Amino acid sequence: MATQLKNLSDFSHTTVPDGAAYKIAIAVAEWNADVTGSLYKGALETLLKHGVKEENITSIAVPGSFELTGAAEILLKKHADLDAVICLGCVIQGDTKHFDFICDAVANGVTQVGIKYSKPVIFGVLTTNDLQQALDRSGGKHGNKGDEAAITAIKMAHLLATA
Ligand SMILES: Nc1c(NC[C@H](O)[C@H](O)[C@H](O)CO)[nH]c(=O)[nH]c1=O
Ligand SMILES: CC(=O)[C@@H](O)COP(=O)(O)O
């Protein structure tokens, strides 16, 4: 499987633009808080490492991943100067189809919000079969999806500013 071949958070630091000029928001779901807390820590540290100023980072928490779409809408409607929104969550398969509905809703929802506001809305949501897969991707052997989301946000903000 692809993920067994590499750490998904490996990035060439020379290809990441300087984030000093960008204002970025992070929306993080509280469901599976141990996992999403690690995603958030990784995203925040990565933004700071790549030059985003602490005063230019806005963070909000929402109950679950399903609410991330609403969070992105609220943030971009209220803060027109945002350059990107990072949405972090962890959806773990249970016994019913609820997992499918949440995953589809948040993936499609954040996509539509990004299109609506012409701003990068980054899908940093783990959608896993079990807790171990989530732990492996939030600071474990397969890296940290939060790091990846932060790098993506900076790259897309740079693209928006320079295209
Ligand atoms: N089971 C998970 C949820 N469920 C909650 C939903 O996201 C939502 O808050 C609820 O349906 C009310 O609208 N959320 C996750 O983020 N992760 C899960 O595993
Ligand atoms: C993704 C979920 O909502 C899930 O954790 C809920 O579990 P279940 O499908 O057993 O109700």
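Residues numbered from 1 in each chain as written. Chains lettered and ligands numbered in written order. Predicted model: local features only at pLDDT ≥ 70, side-chain atom pairs only at ≥ 80, totals over all residues. Heavy atoms only, no water.

S.K.: Would you mind going over the UniProt feature "active site" (unreviewed entry) in the protein chain with me for this structure?
M.R.: In the numbering used here, UniProt assigns the feature "active site" (unreviewed entry) to His98. The topology assignment puts His98 in helix 3 (residues 98–117). Residue classification places His98 among the exposed residues on the basis of a relative accessible area of 53%. (UniProt positions renumbered as here; feature names shortened; annotations may be inferred. Helix = DSSP H or I, 4+ residues; strand = E, 2+ residues; numbered from the N terminus. Buried < 20%, exposed > 50% of the residue type's maximum accessible area, 1.4 Å probe, protein only.)

S.K.: What am I meant to see in the nonpolar core here?
M.R.: In summary, soluble globular proteins display a tendency toward joint burial of nonpolar side chains. Ile24, Ile26, Leu47, Ile86 and Leu88 are the most contacted members of the largest nonpolar core, which has 24 residues in total. Going through the elements one at a time, strand 1 (24–29), helix 1 (33–49), strand 3 (84–92), strand 4 (121–128) and helix 5 (145–162) are the ones with two or more residues in this core. For Ile86, the residues in contact, after removing those within four places along its chain, are Ile24, Ala25, Ile26, Ala27, Leu47, Ile122, Ala149, Ala150 and Ala153. Counting residues in each nonpolar core, the second largest holds 21 residues, with Leu68, Leu76, Val85 and Val106 among its members. (Core = buried A, V, L, I, M, F, W, Y, C linked by side-chain atoms within 4.5 Å. Contact = heavy atoms within 4.5 Å.)

S.K.: Could you clarify how one ought to interpret the site of ligand 2 in this entry?
M.R.: With respect to spatial proximity, the complete set of residues near ligand 2 consists of Val91, Ile92, Gly94, Asp95, Thr96, His98, Phe99 and Ile102. Note that an oxygen atom of ligand 2 is positioned 2.5 Å from one of the side-chain N or O atoms of His98. Notes on ligand 2: free accessible area 330 Å², of which the protein chains cover 72%. Taken together, the elements giving at least two residues each to the shell around ligand 2 come down to strand 3 and helix 3. Per element, the largest residue contribution to the shell around ligand 2 is 3 residues, and it comes from helix 3. (Near = heavy atom within 4 Å. Polar contact = N/O pair within 3.5 Å; in protein donor to acceptor, adjacent residues only side chain to side chain. Areas by Shrake-Rupley, 256 points an atom, 1.4 Å probe, with all protein chains shown as cover.)

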